[in-house]
Amino acid sequence: MLFRSRVAIQRLLSEVEVLANEIDSLPPSVTPILGLVDGTLLLWVLENETESFIQETLERFQASLEMAQRRRVPIVGYISEPQSRDVVNSLRILACTMPEPKCDTYCPHRLKPHYQTPPCAGTERISDADLFGKLLSVGERSALFGSGSKILKRMEP
């Protein structure tokens with residue numbers, strides 16, 4: 001898992017660095033509306049990394065964003081078919097009847113004789129896209145959701 005997340009981080013860093021360099025190399029008379037990357041710009045996967053790796057990654061990432069910012073071109077991420085479960089997991093936490101919403105702590109006991117199925121059971125395979133696909137009509141959008149990732153607090157505004 002560590003190898004896969006590091007490859008994903010390096011791919012994102014490379015993509016953002018190339019994009020920022022391309023923006024910076026444009027003639028002053030050309031100003032793009034935005035720079036678009038395929039995927040998220042949230043580096044939440046860094047939360048499980050070593051401090052030195054986090055620091056190096058954030059410095060490179062921040063330098064690319066600042067390069068584009070000097071040209072007044074925002075770099076944005078786009079997730080075309082998200083398999084994320086952030087909203088669904090928030091609903092699971094809301095429905096949780098355990099003392100704390102810690103699935104790994106409380107729900108592995110499901111094989112014991114007196115185990116009761118929790119209210120969130122059945123949501124394990126539902127993505128946010130599945131949920132919103134049922135709630136929204138074509139062209140409608142959900143509310144904007146923010147991230148509570150700890151790594152965002154380490155990035156400069």
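Criteria and cut-off values
Residues numbered from 1 in each chain as written. Predicted model: local features only at pLDDT ≥ 70, side-chain atom pairs only at ≥ 80, totals over all residues. Heavy atoms only, no water. Core = buried A, V, L, I, M, F, W, Y, C linked by side-chain atoms within 4.5 Å. Buried < 20%, exposed > 50% of the residue type's maximum accessible area, 1.4 Å probe, protein only. Helix = DSSP H or I, 4+ residues; strand = E, 2+ residues; numbered from the N terminus. Contact = heavy atoms within 4.5 Å. pLDDT = per-residue confidence, 0-100. Pairing = 2+ DSSP bridges. Right-handed = clockwise from strand over helix to strand, strands pointing away. Polar contact = N/O pair within 3.5 Å; in protein donor to acceptor, adjacent residues only side chain to side chain. Arc of directions from axis to C-beta.

**Some thoughts on the nonpolar core**
The tendency in soluble globular proteins is for nonpolar side chains to be buried as a group.
For step 1, the next point in the chain: Counting residues in each nonpolar core, the largest one holds 21 residues, and the members touching the most others are Val-16, Leu-41, Leu-43, Leu-46, Leu-58, Phe-61 and Ile-75.
For step 2, the next point in the chain: Within the residue set of this core, elements represented by two or more residues are helix 1 (2-25) and helix 2 (51-70).
For step 3, the next point in the chain: Residue contributions to this core peak at 7 residues, all from helix 1.
For step 4, the next point in the chain: The residues touching Leu-43, leaving out its near neighbours within four places in the chain, are Leu-12, Thr-57, Leu-58, Phe-61 and Ile-151.

**A short note on the confidence of the model for the protein**
For step 1, the next point in the chain: Considering every residue of the protein, the mean pLDDT works out to 84; 90% of them sit at 70 or more.
For step 2, the next point in the chain: No element of the protein has a lower mean pLDDT than helix 4 (residues 103-106), which averages 71, and none a higher one than helix 2, which averages 94.

**Some words on the pairing of strand 2 (residues 75-78)**
For step 1, the next point in the chain: Relative to strand 2, strand 1 (residues 35-38) is paired through 4 bridges, and the arrangement is parallel. Counted as the bridge partner of Val-37 is Gly-77 from strand 2.
For step 2, the next point in the chain: Handedness of the crossover joining strand 1 and strand 2 through helix 2 is recorded here as right-handed.

**A word on the side chain of Glu-49**
For step 1, the next point in the chain: The topology assignment puts Glu-49 in the loop between strand 1 and helix 2.
For step 2, the next point in the chain: A relative accessible area of 10% places Glu-49 in the buried class.
For step 3, the next point in the chain: A distance of 2.7 Å separates a polar atom in the side chain of Glu-49 from a polar atom in the side chain of Arg-6.

**So, helix 3 (residues 86-95)**
For step 1, the next point in the chain: Residues Val-87, Val-88 and Arg-92 constitute the buried set of helix 3. For helix 3, the arc enclosing every buried residue in end-on projection is 145°, short of the 170-degree limit, so these residues lie on one face. In helix 3, those exposed residues whose orientation departs by more than 90 degrees from the buried face are Asp-86, Ile-93 and Leu-94.

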